[in-house]
Every structure is written in C-alpha cells, then in structure tokens.
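# Structural characterization, general
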Amino acid sequence: NAYYIVYGFALFVLAVMEYFVSAKRFNDLGKSPAWAGLAPFCMLLAAAAVWYQPRSEGWMPAWGVWPFLALAAAVVVWNIAELGFVRGKSR
C-alpha cells in the first residue's frame, strides 16, 4: 500500500510542476497564466473517469470515458502546440 501513497504524491507533485512551468510560459506569451491549470485538470479528470467507470456498477457506460479522454488529449495537443511552437516575448 505504500506504493499507492508514493504514486499519488508523485502524481500531484508532477502536476504542480507542470502547472508552474506552463504558467511561466503562458505569461511569456502574454496570456493569462490561469490557462496552465487546464491541462493537469483535464488529465486528472480523465484519470478519475477511467477509475470510476468500472466501479460505477452500470451507472456510467463504457463509452462514457471516451469524452473525458478526448478532451484531455485535445487540451494536451493544444498545450504542446501553444507552448512549444509559438514565439514568446523573451526570444
């Protein structure tokens, strides 16, 4: 059970690190740093949906996970495109 505690802690630490790096880059682009929270939130929401679906006892259909995964994938692709390929102020 210690593995789950370490894994959960590492997951949240990595999400916070990703948020701060993205917030700094969004600020460099002249956009609101609040957009940086969208990618970690969508990924954690998709992970929660994947975890909940088998435990829902039929309340959430199997296809109900796909919209969460599609949203998370779209936000991650947008995040990579926006933060990786758009020129900022400091260059």
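Structure first, text after, so check above.
Notes on the structure in this doc start here. From a predicted model like this one, the values you see are computed outputs, not experimental measurements.

### Some words on the overall build of the protein
For the protein, the helix and strand inventory stands at three helices and zero strands. Relative to the 2.2 N^0.38 estimate, which gives 12 Å for 91 residues, the radius of gyration of the protein is 16 Å and therefore markedly larger than a compact globule would have. A principal-axis box enclosing the C-alpha atoms of the protein has dimensions of 50 × 30 × 15 Å. Burial analysis of the protein (91 residues in total) assigns 25% to the buried set. Relative to all contacts within the protein whose residues are 6 or more apart in sequence, the contacts with residues 24 or more apart total 55%. When the accessible surface of the protein is summed, it comes to about 6,800 Å², and 74% of that surface belongs to carbon and sulfur atoms. Between the averaged position of the 7 positive side-chain charges in the protein and that of its 4 negative side-chain charges there is a distance of 12 Å.

### Digging into helix α2 (residues 38-55)
For α2, with 18 residues, the first-to-last C-alpha span of 26 Å sits near the 26 Å given by 1.5 Å per residue. Along α2, the residues that are buried comprise Ala-39, Pro-40, Cys-42, Ala-46 and Ala-49. Taken together, the buried residues of α2 touch α1 (2-28) and α3 (66-85). Taken from the residues just after α2, Glu-57 is the one with a positive phi, measuring 55°.

### Digging into the side chain of Glu-82
Here Glu-82 is to be found in helix α3. Of the residues examined, Glu-82 reaches a relative accessible area of 11% and is grouped as buried. Residues within four places of Glu-82 in sequence aside, it is in contact with Phe-26, Leu-29 and Lys-31.

### Here we look at the packing of α2 against α3
Two numbers describe how α2 lies on α3: the axes approach to 9 Å, and their chain directions differ by 155°. One element, α2, and the other, α3, form an angle in the roughly antiparallel class. Between α2 and α3 lies a crossing whose hand is left-handed. Of the residues in α3, those touching α2 at Leu-38, Ala-39, Cys-42, Met-43, Leu-45, Ala-46, Ala-49 and Val-50 are Phe-68, Leu-69, Leu-71, Ala-72, Val-75, Val-76, Trp-78 and Asn-79. For the contact of α2 with α3, a count of residues per class yields 15 nonpolar, one polar and no charged.

### Notes on the pattern of salt bridges
Scanning all chains against the criterion turns up two salt bridges. Between Asp-28 and Arg-25 there is a salt bridge, with its nearest N and O atoms 2.8 Å apart. Of this pair, Asp-28 and Arg-25 both sit in helix α1, three residues apart, which is roughly one turn of that helix. Here Asp-28 matches Arg-25 in class, with each residue buried. Two residues, Glu-82 and Lys-31, come together in a salt bridge whose shortest N-O distance is 2.1 Å. You can see Glu-82 sitting in helix α3 and its partner Lys-31 sitting in the loop between α1 and α2, a full 51 residues away along the chain.

### Digging into the packing of aromatic side chains
Per the stated rule, a full pass over the model turns up five aromatic pairs. Connected via pairs of aromatic rings, a cluster forms that spans Tyr-3, Tyr-4 and Tyr-7.

Scoring rules and cut-offs
- Residues numbered from 1 in each chain as written.
- Predicted model: local features only at pLDDT ≥ 70, side-chain atom pairs only at ≥ 80, totals over all residues.
- Heavy atoms only, no water.
- Helix = DSSP H or I, 4+ residues; strand = E, 2+ residues; numbered from the N terminus.
- Rg over C-alpha atoms; globule rule 2.2 N^0.38 Å.
- Buried < 20%, exposed > 50% of the residue type's maximum accessible area, 1.4 Å probe, protein only.
- Contact = heavy atoms within 4.5 Å.
- Areas by Shrake-Rupley, 256 points an atom, 1.4 Å probe, with all protein chains shown as cover.
- Lys, Arg positive; Asp, Glu negative; His and termini not counted.
- Charge placed at Lys NZ, Arg CZ, Asp CG, Glu CD.
- Expected span 1.5 Å × (residues − 1).
- Axes fitted to C-alpha atoms, helices over the stretch in contact; angles between N-to-C directions.
- Parallel < 35°, antiparallel > 145°, perpendicular 65-115°, else oblique.
- Left-handed = near helix turned anticlockwise from the far one by under 90°.
- Nonpolar A, V, L, I, M, F, W, Y, C, P; charged D, E, K, R; others polar.
- Salt bridge = Lys/Arg side-chain N within 4 Å of Asp/Glu carboxyl O.
- Phe/Tyr/Trp six-rings, centres within 6.5 Å; stacked < 30°, edge-to-face > 60°.

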